[in-house]
Amino acid sequence: MLTLDFHPTGRHFLQIPGPSPVPDRILRAMSLPTIDHRGPEFGALGLKVLADVQKIFQTRHPVIIYPASGTGAWEAALTNVLSPGDHVLMYETGHFASLWHKMATRLGLRAEFLALPGTEAGVPLSWRRGVQAALIEERLKADAQHAIKAVCVVHNETSTGVTSNIAAVRKAIDAAKHPALLMVDTISGLASAEYKHDDWGVDVTVSGSQKGLMLPPGMSFNAVSPKAIEASKSAKLPKAFWAWDEIIEMNKGGYWPYTPNTNLLYGLNEACDMLLAQGLEAVFARHQRWGEGVRAAVRAWGLEIQCAEASVYSPVLTGVIMPEGVDADAVRKLIYERFDCSLGTGLGKVKGRMFRIGHLGDCNDLTLMAALSGCEMGLRLSGVKLAGSGVVAAMDYFSAHPIPRPLQKAA
Ligand SMILES: *Cc1c(COP(=O)(O)O)cnc(C)c1O
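A quick note: this is a predicted structure, and the numbers were derived from the prediction, not measured. (Residues numbered from 1 in each chain as written. Predicted model: local features only at pLDDT ≥ 70, side-chain atom pairs only at ≥ 80, totals over all residues. Heavy atoms only, no water.)

K.L.:
Quick one: what's the story with the pattern of salt bridges, residue by residue and with numbers?
P.N.:
Counted according to the given criterion, the structure contains 22 salt bridges. In this structure, Glu 230 and Lys 233 form a salt bridge, with 3.4 Å as the shortest nitrogen-oxygen distance. Note that Glu 249 is salt-bridged to Lys 252, the shortest N-O span being 3.0 Å. Residue Glu 249 is classed as partly exposed on the basis of its relative accessible area, which comes to 48%. Linked through salt bridges whose partners overlap, the residues forming this network are Lys 48, Asp 52, Lys 55 and Asp 273. (Salt bridge = Lys/Arg side-chain N within 4 Å of Asp/Glu carboxyl O. Buried < 20%, exposed > 50% of the residue type's maximum accessible area, 1.4 Å probe, protein only.)

Structure follows, in structure tokens:
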């Protein structure tokens, strides 16, 4: 049983790249009483959030909201548009891309996994770079029969801190004159990193609630293009709960075919109000700036940033590679125990080699300064030789780069 003396004083620093801290304003919105999900008040809420969330995805087409974690929305994306044995081309950017690939295989798809070969600083090269659109173009050009039905990529690879160029992937598919659908996981990118479902020609975008949207876990999304809806009409993978058609039909009145997660929808309504009032451009600029400040700290420590390609640095999180022989999870554990700060663990192929600092959602310069202080103390206590003070470097960066004003922009 949890006892009160276990709970430390002050605020815990939740600096993992999802779930991200939930603002008080959203927690309060979710504390409203649960209402009748078939009643008139609910219909109005449903219509409002469905319209608002389209603005967040930057799409004029339907966005489906599931009461499920992001993994459910991955499955929904695949099962709605594909048939057993279909060939899909996926790209290995890291652990999340690998999990989606594993799921595709389990669902009975022929999931090909493209990657850059080789390793660098003891980690796979492909886990330090963005999606290589040229490799996708080359592979699609070789598929003269158009056996490949979909190209699946992760926009913000949360296990590494790499944000791939999705417009470049679209261009590669078009340059190969290939009809494959483009499916993108932006579970951790949405509402933090720039994302344009329509302009980038994405057919299915998958996202989730607990990262940039600043909500608790438990809600996820599929944004779908007209081409994806067309494909869903003949797709043969079994689906029932995930089927888009019934949900889209019921959503026309603001309702769902089953009981939706009412209180998370109150939260989503509040999150959209906050994000749209600030303006998405301001939200993206804020995250870019935090990323710059945190990377300045990592460089000053003399440690290696997991993302090795500056053009695809993630504005959402930064992966920090440990010197040879240092267990990243031991450093994380020490920082958690001594300074009440949670950092992201290394996942899959980089377990123990690196940790992740989240800089997304409900943060500000001083929450990040606190997290960086925790990291710096923890690294020193773990015996890691630091070249200099990352805390000072980040303070210098944040001081020299004020948040662009006006911060408030009309929605
Ligand atoms: C968090 C995350 C997932 C998994 O989402 P769950 O809500 O944990 O199921 C998948 N892909 C990416 C890129 C993520 O960041």
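K.L.:
I'd like a rundown of the site of the ligand, residues and numbers included.
P.N.:
Around the ligand, the structure places 13 residues, and the nearest of them are Ser 69, Thr 71, Thr 158, Asp 185 and Lys 211. Here a nitrogen atom of the ligand sits 2.7 Å away from a polar atom, N or O, in the side chain of Asp 185. At 2.7 Å, a side-chain N or O of Lys 211 approaches an oxygen atom of the ligand. Per-element tally for the shell around the ligand: the top contributor is helix α3 (residues 70-81), with three residues. In terms of residue class, the shell around the ligand is built from four nonpolar, seven polar and two charged. (Near = heavy atom within 4 Å. Polar contact = N/O pair within 3.5 Å; in protein donor to acceptor, adjacent residues only side chain to side chain. Helix = DSSP H or I, 4+ residues; strand = E, 2+ residues; numbered from the N terminus. Nonpolar A, V, L, I, M, F, W, Y, C, P; charged D, E, K, R; others polar.)

K.L.:
Could you give an account of the pairing of strand β10 (residues 181-185), naming the residues involved and the relevant values?
P.N.:
Taken across its five residues, β10 has five buried, putting it largely inside the fold. Residues Leu 181, Met 183 and Asp 185 point to one face of β10 and Leu 182 and Val 184 to the other, with burial holding for every one of them. Across five bridges, strand β7 (residues 148-154) lies against β10 in parallel orientation. Across the sheet, the residue bridging to Val 151 is Leu 182, located in β10. Two strands pair when backbone bridges link them, and β10 and strand β11 (residues 204-208) are joined in this way by three bridges, in the parallel orientation. Residue Val 184 lies in a different strand from β11, and its bridge partner there is Thr 205. (Pairing = 2+ DSSP bridges.)

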